[in-house]
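# Working through the structure, step by step
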Amino acid sequence: MDKFWMVVNLSKSYGSPKVQHTTYSSAVGEAKRLALKHQSDEFVVLESVVSVKTEIPVTVTECSDCPF
């Protein structure tokens, strides 16, 4: 996974952010643009730090000594 940044409006709930900025400076620029457009709102820049996903297929192991 490549690192990315997203801008979130903390003042209002508009759903999940959609744009993944490929640079920190791009995300900060977008946050500044939005803050000027919506002057009473607060925006934050979030950085991706980990990616989690389920591996398919799921493995099942039978247990003859299970305590239940």
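Residues numbered from 1 in each chain as written. Predicted model: local features only at pLDDT ≥ 70, side-chain atom pairs only at ≥ 80, totals over all residues. Heavy atoms only, no water.

### A short note on the pattern of salt bridges
Under the definition given, this model contains 3 salt bridges. Notably, a salt bridge pairs Lys3 with Glu47, separated by 3.1 Å at the nearest N-O pair. Highlighted residues: Lys3 in the segment before β1 (5-9) and Glu47 in strand β2 (residues 43-47), separated in sequence by 44 residues. Its relative accessible area of 41% is what places Glu47 among the partly exposed residues. The residue Lys12 makes a salt bridge to Asp41 at a minimum N-O spacing of 3.7 Å. Here Lys12 is found in the loop between β1 and α1 (24-37), whereas its partner Asp41 is found in the loop between α1 and β2, with 29 residues between them in sequence. Looking at Lys12, the relative accessible area reads 42%, which means it is partly exposed. (Salt bridge = Lys/Arg side-chain N within 4 Å of Asp/Glu carboxyl O. Helix = DSSP H or I, 4+ residues; strand = E, 2+ residues; numbered from the N terminus. Buried < 20%, exposed > 50% of the residue type's maximum accessible area, 1.4 Å probe, protein only.)

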